[in-house]
Each structure stands twice: as structure tokens, then as C-alpha cells.
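As a plain string of letters, each chain reads:
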Amino acid sequence: MAATEDQIARLSKVKEIISKASQELKSIEVNRDIDLEFDVGNLLVTDKNTLDEEAVFNPDTRPAYLQSLARDGVQALMSKVWDLPTHLDDNAVFVTLPKTTTILPREKPVPKEKPLTKWEQFAKDKGLTKKKKDKKVWDHLLKRWVPRFGMKKVQADKEKNWVREVPGNADPYEDLFAKDKELKRERVAKNEYQRLRNIAKSRKLKVPNVGVTGNDLATSNDLGMAMHHSRFATASRGKFQPTLPNEKLPKGLGKKRKHEQTTGDGREEKKRYMEVLKKVEKNELNLSSAVHKQIREENIETDLAKKGGKKQLRRSKAGGRHRTRSDHRASKLGKGIHESRKQKITKIKAKADSGLGLGKGRRTDRGFAKGKKG
């Protein structure tokens, strides 16, 4: 059957599209004057050919020129990758890269070798080798396989050792099960301490020994405190322990409160009470503070009389101590409406010697009334 003109036109159009697409697609072959160097393990390609200076320095052609160089390098590298053996996994193609040939610098320093623990060093010196043990062992009493470690191991021990025989030299009332638990806790704590000590040793840190710290770590106060506690650890609480010559008590112990005896001689108790009573009844007069207090009260009264007898507020509400400019002037010069300071001090001392009080209600000097000048 002969093809129609319409089919011939369609076929020619398809050929034009294919030819145009083939012209746009570049070849997978990359030709260079100097062969490219490949390191497929690092997915690295090196091009040692000289660059076109005109294309590089021309801003119009530079991007297209650099893109073409990069495209050729990646195309050559991918051709080398596809030459390697491949395998399928979950409908995906995988390639195993070969060993690298280019030595690249490390980002971080080479890690140091982990130091051996105390047991590992001992096993190495003695030539001991680590043998892998089975996870389960046969128990002849339970007649089954029991894990060597873990939760089921503990359950198996409880089933097997549900009753314990008390040794002849042991206390018959002692709980052996509680004793075993305590020993196990001690073993766990010891293992944890040894683990932390190995870590500190690998980091070159000083760790004190169990109990009293060594001389290289402890201070004089620490040793003194340890000696103090060891002296009082006896049954007599250190009552018969002698002290060393020139021994000083450690700081930070505090003072022990001493209580007076409530029984015994009643005269000592009466003496203590009388001393307290004398302190309460004793009327000690601080003459200096009394004089200054009296002068201040008289200055305030004089100012109130001058201002018309207006009562002053409390110091907290009045905004501070009530003292006017005349008070400061009178205290320095002894002039004005106030008496001189020496006269007031003499008058107050005379009142104190005569047994009169110093309060406002006890003043008997009629010549020093309010509003009158001295």
C-alpha cells in the first residue's frame, strides 16, 4: 500500500525533530590535547590543558566557556564510572568505587590510641587472651538453659536458691539474702568507681583514693579533719585518745553549746538569777547621749514656740530630722534665741547630780520656759 502524502509529510517532520535534537545533544566523548587524570575513588578529575585566555577574560564568553569545561569533565568522569561493574538492589543500580589514588589532607588530627585500662594492661603483661563465652549455660538443678547474665539469670537464682543453709560460724538470726544484696551493691559500686577512675586516668586527671585522700591531693586542713574524725571514731568518742604535740584543731567544727545543770547545788542557780536581776535594775546613764538628746529637745521646743506652737510631725513623715538653720548656727556660735551649748551642758549636769530626771515632764527650771530667752 503506497504511503499518502500526509504520511510522508509527518515522517519528514519527525526526521527533522530527531536531527535537531541530535545536534543539540553533545557527544559523550571528550577529546583533549592532554589526557584527563581520573581518581574514581574520590570522584575527582583533573584537567591540565591550558585555558583560552580570550574566552576567560571576556565577560561575555566567560560563563559559557567555564560551563563547557565543567560539563566535559563531569561527562568524562561519568563515563569512567559506568565502565565499573554494577549490581541491582531494590530496582536501583549501584557501583562499587575502587580505592582512592589521591592522598587528601585530613580535616582533623589523627585520633590518639585509647589507653589501656588497669585490667587490660595486666592481661597484656600476663599474656591472657579474651575468650568468648556462651550466652547461656546449662543449669543442672533447674534442668534448663539459663542466661549467663541479665534479668532471667536473677530469676533463675531465686528459683534455685529459695532456701539457704546457715553456716556454723555465722549468726543464726542474720538475713543471708539481705547480706547477699548488700554485697552485690558493694560490687556494683566498686566496678563503677573503677570505671570512672579509668576514664580519669585516660584524661590525665588526679583521682583521690578511697577513704582519706593522699598527700598529693589533700590539704593540711583536710588531713586535720580526717585525723579529728578518726580520733572520735572510738567507742569512748575520743575521750582517752591523746593529742599530738602542737596539734591544732581543724577549722569549721563550730562550738558545742553547753547547757547548765538543772540539778545539784541551788546556790549557783540563785547566783545566776541575781546577776540577771542586777543587770535589769541597774540604771546606767550615758551622760553624753543624754546631753545631746536634751539639747535637741530644747531646740525643737524653741523653734515651735517661735513658729506659733505648731506641732511637728514624726520624723518619718516630716522627711527627716527636724533641725532648722538656726539650730546649726546656735550649735556653732551659741548665739540668738538659743542658750550657748556650754550653758546647757552645765545645767543638765547639775540636774543629773541633784538626782532630777531629764525628761520633759520633770523639768523644774522655771527660767527656761517656752518662748522666753535664756
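Residues numbered from 1 in each chain as written. Predicted model: local features only at pLDDT ≥ 70, side-chain atom pairs only at ≥ 80, totals over all residues. Heavy atoms only, no water.

J.: Any chance you could break down the overall build of the protein chain for me, citing the residues and the numbers?
T.: Scanning the protein chain for helices and strands turns up twelve helices and six strands. For the protein chain, contacts bridging at least 24 residues in sequence account for 38% of all contacts bridging at least 6. When the accessible surface of the protein chain is split by element, carbon and sulfur atoms take 54% of a total near 33800 Å². (Helix = DSSP H or I, 4+ residues; strand = E, 2+ residues; numbered from the N terminus. Contact = heavy atoms within 4.5 Å. Areas by Shrake-Rupley, 256 points an atom, 1.4 Å probe, with all protein chains shown as cover.)

J.: Which residues make up the pairing of strand E5 (residues 136-139), and what are the values?
T.: Pairing analysis gives four bridges linking E5 to strand E6 (residues 144-147), with the strands arranged antiparallel. Within E6, the residue paired with lysine 136 across the bridge is proline 147. Remark: four residues form the turn of the hairpin made by E5 and E6, two consecutive strands paired antiparallel; lysine 143 in that turn has positive phi of roughly 60 degrees. (Pairing = 2+ DSSP bridges.)

J.: For the environment of asparagine 198, give the residues involved together with the corresponding values.
T.: Turning to its location among the elements, asparagine 198 is positioned in helix H6 (residues 176-202). Between the C-alpha atom of asparagine 198 and that of lysine 118, which follows or precedes it by 80 residues, the distance is 7.4 Å. Once residues within four sequence positions are removed from consideration, asparagine 198 is found in contact with Thr117 and Lys118.

J.: Give a detailed account of the pattern of salt bridges, specifying residues and quantitative values.
T.: When their charged atoms lie close together, side chains carrying opposite charge are able to pair. One pass over the structure, following the stated rule, counts ten salt bridges. Across the salt bridge formed by aspartate 139 and lysine 160, the nearest N and O atoms sit 3.2 Å from each other. In this pair, aspartate 139 is assigned in strand E5 and lysine 160 in helix H5 (residues 151-160), connecting sequence segments 21 residues apart. A relative accessible area of 10% places aspartate 139 in the buried class. (Salt bridge = Lys/Arg side-chain N within 4 Å of Asp/Glu carboxyl O. Buried < 20%, exposed > 50% of the residue type's maximum accessible area, 1.4 Å probe, protein only.)

J.: Residues and numbers for a positive patch on the surface, please.
T.: A surface patch of positive charge is lined by Lys158, Lys181, Lys184 and Arg187. If one sorts the elements of the positive patch by residue count, H6 sits on top with three residues. Summarising the element assignment, lysine 158 is placed in helix H5. (Patch = residues over 30% accessible without salt bridge, like charges linked within 9 Å, V, L, I, M, F, W, Y side chains within 5 Å. Lys, Arg positive; Asp, Glu negative; His and termini not counted. Charge placed at Lys NZ, Arg CZ, Asp CG, Glu CD.)

J.: How would you sum up helix H9 (residues 287-306)? Please name residues and give values.
T.: Between its terminal C-alpha atoms H9 stretches 29 Å, which fits the 28 Å expected from 20 residues at 1.5 Å a residue. Among all positions of H9, only Ala290, Val291, Gln294, Ile295, Glu297, Glu298, Asn299, Ile300, Glu301 and Asp303 are buried. (Expected span 1.5 Å × (residues − 1).)

J.: Residues and numbers for the packing of aromatic side chains, please.
T.: Pairs of aromatic rings are described using the distance from one ring centre to the other and the angle between the two planes. Summed over all chains, the structure comprises two aromatic pairs. Note on tryptophan 119 and phenylalanine 122: the rings are 5.6 Å apart at their centroids and 35 degrees apart in plane angle, and the pair reads as tilted. Residue tryptophan 119 and its partner phenylalanine 122 are located together in helix H4 (residues 118-126), separated by three residues, close to a single helical turn. Taking relative accessible area as the criterion, tryptophan 119 reaches 57% and is therefore assigned exposed. You can call phenylalanine 122 partly exposed: its relative accessible area is 40%. Taking the centre distance of 5.5 Å and the plane angle of 70 degrees together, the rings of tryptophan 138 and tryptophan 145 count as edge-to-face. Overall, the relative accessible area of 54% leaves tryptophan 145 in the exposed class. (Phe/Tyr/Trp six-rings, centres within 6.5 Å; stacked < 30°, edge-to-face > 60°.)

J.: Quick one: what's the story with a nonpolar patch on the surface, residue by residue and with numbers?
T.: Taken together, the side chains of Val74, Met78, Trp82, Leu88 and Val93 make up a nonpolar region of the molecular surface, amounting to roughly 540 Å² of accessible area. With three residues, helix H3 (residues 62-82) is the single largest residue contributor to the nonpolar patch. The residue tryptophan 82 is located in helix H3 in this model.

J.: Please provide a residue-by-residue account of the confidence of the model for the protein chain, values included.
T.: With 76% of its residues at a pLDDT of 70 or more, the protein chain shows a mean pLDDT of 77. Confidence, read as mean pLDDT per element, is least for helix H10 (residues 315-318) in the protein chain (50) and greatest for E6 (91). Low pLDDT (under 50) marks residues 357-374, which in the prediction has 22 contacts with non-local residues, meaning those over four places away or in another chain. (pLDDT = per-residue confidence, 0-100.)

J.: Can you break down unusual backbone geometry residue by residue, with the values?
T.: In this model, leucine 43 sits at a positive phi of 50 degrees, which is unusual for a non-glycine residue. Inspection of the secondary structure puts leucine 43 in the loop between strand E1 (37-39) and strand E2 (44-46). Residue lysine 143 is not a glycine yet carries a positive backbone phi of 60 degrees. Among the structural elements, lysine 143 can be located in the loop between E5 and E6.

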